[in-house]
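# Structural overview for review
So you can see what is in the structure, the chains are spelled out below.
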Amino acid sequence: MTKFKGALIGCGFFAVNQMHGWQDLDNAEIVAICDRDPERLRIVGDQFGVARRYESAEAMFADGGFDFVDIATTVASHRPLVELAARHKVPTICQKPFALNLDDAKAMVKAADDAGVPLMVHENFRWQTPLMAVKEALDSGAIGKPFWGRVSFRSGYDIFAGQPYLAKGKRFIVEDLGIHVLDIARYLFGDVDRLTARTVRVRPDIAGEDVATMLLDHANGITSVVDCSYSTFLPEEQFPETFIEIDGSDGTIRLTKDYKLVIHGRSSGTTRRDVEPELLPWAAKPWHNIQESVAIIEKHWIESLAAGTEPATSGHDNLKTFALVDAAYLSAETGKTVDLKDLLG
Ligand code: NAD
Ligand code: 89V
């Protein structure tokens, strides 16, 4: 069995989940870590027993000795770090949001292509167990031909407590969370031709929008509604669950609160399943859904590296999700529908 050696850059809030995921894999090991903040470097290095520690990514790449790099920093550093990895010809995983804008994202994909190295975006939501169960039901033909869908994430959870930087950006919910929800819509219903969006900032104490409603025309004729909110205060908080509604020619699929999946076929009847994700030993509710998806996407990366195949959420694939984010901001600003061909060519 080949054991792939990895390096991780950015030892912050979310990287701890990524480190746990790597530790769970028999065929992967993080041999070096990097953070410009020495305290974060110490905390994560001590917690996971990693001896090689760097405050500079350049110094870490110069020393080398790893087969891939996992970039877990915030978005501003993604392009320089992906390009640094490409210069060193190191296969790369980059956290979402992939880039600050679509032009940067395209340049990053080109850098990896020119270097001949695989590039995967850590777009983990589509790897959530409940969402994979929805996809399986859809692909089984249980509801016939789908014609309408809704992908919905509405919450009053205080996301700023763990990720305070999210309160400061001029772009907030579409860039940070909508990007996941839009990716789920692409995963379930296929690529998108046109997008129309409306955004609102409800909270007065943040810089960006915290509510977004988007209408997607998929290339195969499906219409979907993608909506997200961090200003939705329900009697029972449902963070971080994504709810799904799909109508097809012969039935319906619903993924509802507490990970309940209901598949109804006009002639086959109703099946109800509990698709709650596993609570991994290092995970904690309510984040266990996201935490499990981190472990699953990391396993997928190692399998893709070993097989020499393109990961499902490759840089190339993510350009099509990232373009939806730019399209949403453009549509919200202009009030017009955006044709994705104008962004992606
Ligand atoms: P964070 O600020 O807690 O951690 C980022 C760390 O990176 C910090 O310790 C910082 O010092 C370090 N860093 C930044 N630039 C660096 C550089 N050039 N070189 C070395 N170290 C550098 O942020 P976070 O909340 O952990 O988020 C990190 C990324 O993960 C963001 O892009 C965020 O959107 C993403 N995220 C993804 C998910 C998911 O489910 N996929 C969930 C949460 C966060
Ligand atoms: O992806 C993120 O940065 C997180 C969450 C998973 C909650 O969207 O904020």
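Heads up: the structure comes first, above all this text.
The following paragraphs examine the structure supplied in this document.

Rules used throughout
- Residues numbered from 1 in each chain as written.
- Chains lettered and ligands numbered in written order.
- Predicted model: local features only at pLDDT ≥ 70, side-chain atom pairs only at ≥ 80, totals over all residues.
- Heavy atoms only, no water.
- Near = heavy atom within 4 Å.
- Polar contact = N/O pair within 3.5 Å; in protein donor to acceptor, adjacent residues only side chain to side chain.
- Areas by Shrake-Rupley, 256 points an atom, 1.4 Å probe, with all protein chains shown as cover.
- Nonpolar A, V, L, I, M, F, W, Y, C, P; charged D, E, K, R; others polar.
- Axes fitted to C-alpha atoms, helices over the stretch in contact; angles between N-to-C directions.
- Helix = DSSP H or I, 4+ residues; strand = E, 2+ residues; numbered from the N terminus.
- Parallel < 35°, antiparallel > 145°, perpendicular 65-115°, else oblique.
- Contact = heavy atoms within 4.5 Å.
- Buried < 20%, exposed > 50% of the residue type's maximum accessible area, 1.4 Å probe, protein only.
- Pairing = 2+ DSSP bridges.

## Some details on the site of ligand 1
- Neighbouring ligand 1 are 26 residues; F14, D35, K96, N124 and Y165 lie closest to it.
- Within the side chain of N124, one N or O atom sits 2.7 Å away from a nitrogen atom of ligand 1.
- Y165 has a polar side-chain atom sitting 2.7 Å from an oxygen atom of ligand 1.
- Contact with the protein chains hides 88% of the accessible area of ligand 1, taken as 860 Å² for the molecule alone.
- Here the residues of the shell around ligand 1 are counted per class, giving nine nonpolar, 11 polar and six charged.

## Things to note about the site of ligand 2
- Contacts to ligand 2 come from K96, F125, I159, Q163, D176, L177, H180, Y230, F239, W287 and I290.
- Interatomic distance of 2.9 Å between a side-chain N/O atom of K96 and an oxygen atom of ligand 2.
- Between ligand 2 and the protein, one listed contact pairs an oxygen atom with a side-chain N or O atom of H180 at 2.8 Å.
- Taken by itself ligand 2 offers 270 Å² of open surface, and the protein chains cover 91% of this.
- Looking at side-chain class alone, the shell around ligand 2 contains seven nonpolar, two polar and two charged residues.

## Overview of the packing of helix α4 (residues 78-87) against helix α5 (residues 102-115)
- Contact geometry of α4 with α5 gives a least axis separation of 9 Å together with a crossing angle of 10°. One finds that α4 runs roughly parallel with respect to α5. Of α5, the residues touching α4 (which contributes H78, R79, V82, E83 and A86) are D104, A107, M108, A111, A112 and A115.

## Details of the environment of D67
- Mapping D67 onto the fold places it in the loop between α3 (57-63) and β4 (68-71).
- According to the relative accessible area criterion, D67 is partly exposed, its value standing at 35%.
- Each C-alpha atom of the pair D67 and H122 lies 17 Å from the other, and the pair is 55 residues apart in sequence.
- Not counting residues up to four positions away in its chain, the partners in contact with D67 are K3, F4, K5, V90 and P91.

## Remarks on unusual backbone geometry
- With an omega of -20°, the peptide bond between K96 and P97 qualifies as cis.
- You can see P97 is positioned in the loop between β5 (92-95) and α5.
- Residues other than glycine seldom take positive phi values, yet D258 does so here, at roughly 65°.
- Tracing the backbone shows D258 in the loop between β12 (251-256) and β13 (260-265).
- A positive phi angle is found at Y259, which is not glycine, with a value near 60°.
- Positionally, Y259 belongs in the loop between β12 and β13.

## Re the pairing of strand β8 (residues 192-200)
- The sheet contact formed by β8 and strand β9 (residues 211-218) spans eight bridges and is antiparallel. From the neighbouring strand, V192 faces β9, where its bridge partner is H218.
- Of the pairings in the sheet, the one linking β8 to strand β15 (residues 338-339) comprises two bridges and is antiparallel in character. Following the sheet pairing, L195 is matched in β15 by V338.

## Concerning the sheet that holds strand β3 (residues 52-54)
- Read from one edge to the other, the open sheet built from six strands follows the order β3-β2-β1-β4-β5-β6, with strand pairing classed as parallel. Unpaired on one side and paired on the other, β3 and β6 (119-122) mark the two borders of the sheet. Put simply, the sheet's adjacent strands are angled 25° from each other on average, direction ignored.
- Here helix α8 (residues 288-307) sits on the sheet in contact with β1 (4-9), β2 (28-34), β4, β5 and β6, set at roughly 175° to β6.

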